[in-house]
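# Observations on the model geometry
One letter stands for each residue in the lines below.
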Amino acid sequence: MTNLNNQRLWGLVLAGGDGTRLQALTRLLAGAPIPKQYCRIVGERSLLETTLARIRPVVAPERTMVIVNRAHLDLARPQLGSLPASNVLVQPRNLDTG
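Residues numbered from 1 in each chain as written. Predicted model: local features only at pLDDT ≥ 70, side-chain atom pairs only at ≥ 80, totals over all residues. Heavy atoms only, no water.

With that settled, the discussion passes to the side chain of His72. If you trace the backbone, His72 turns up in the loop between strand 2 (64-69) and helix 3 (73-76). In this structure His72 comes out as buried when scored by relative accessible area, which is 10%. In this view, His72 contacts Gly16, Gly17, Asp18, Pro35 and Tyr38; residues no more than four positions away in its chain are not counted. (Helix = DSSP H or I, 4+ residues; strand = E, 2+ residues; numbered from the N terminus. Buried < 20%, exposed > 50% of the residue type's maximum accessible area, 1.4 Å probe, protein only. Contact = heavy atoms within 4.5 Å.)

Next comes the structure, spelled out in structure tokens:
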């Protein structure tokens, strides 16, 4: 349930990274070198799914935006089902956070 006092807040989740630093770990856990945000490192949820669950009490899914990399859309889409499709922003390629 969203806190009614925070109806004006928006959440922005940056999930467009390539995940190269933990590539060896994600390859071991997932069988492929996937970006860490889409990997289930601890528990049943990915880091992205865990982040969305953690912010949900404060920011409604309708007010949560997620930025993903076009190359990772196949990994991202199944994990973003709780959000409106228009709230998923796709960057054409990773240009780093800066």
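Turning to the sheet that holds strand 2, a few remarks are in order. Taken together, three strands build an open sheet; the order of strands is 1-2-3 and the sheet is parallel. Of all the strands in the sheet, the pair left with one neighbour each is strand 1 (11-15) and strand 3 (88-91). On average, each strand axis in the sheet is inclined to that of its neighbour by 20°, with strand direction left out of account. Sheet topology note: the strand 1/strand 2 ladder contains five bridges and is parallel. By the bridge assignment for strand 2, Leu12 is matched with Met65. (Pairing = 2+ DSSP bridges. Axes fitted to C-alpha atoms, helices over the stretch in contact; angles between N-to-C directions.)

With that out of the way, let us pick up the nonpolar core. Counting 13 residues, the largest nonpolar core has Ala15, Tyr38, Leu48, Leu52, Val66, Val68 and Leu80 as the members making the most contacts within it. Put simply, the parts of the chain that give this core at least two residues each are strand 1, helix 2 (47-55), strand 2 and helix 3. Setting aside chain neighbours within four positions, we find Leu80 in contact with Leu48, Leu52, Val66, Val68 and Val88. (Core = buried A, V, L, I, M, F, W, Y, C linked by side-chain atoms within 4.5 Å.)

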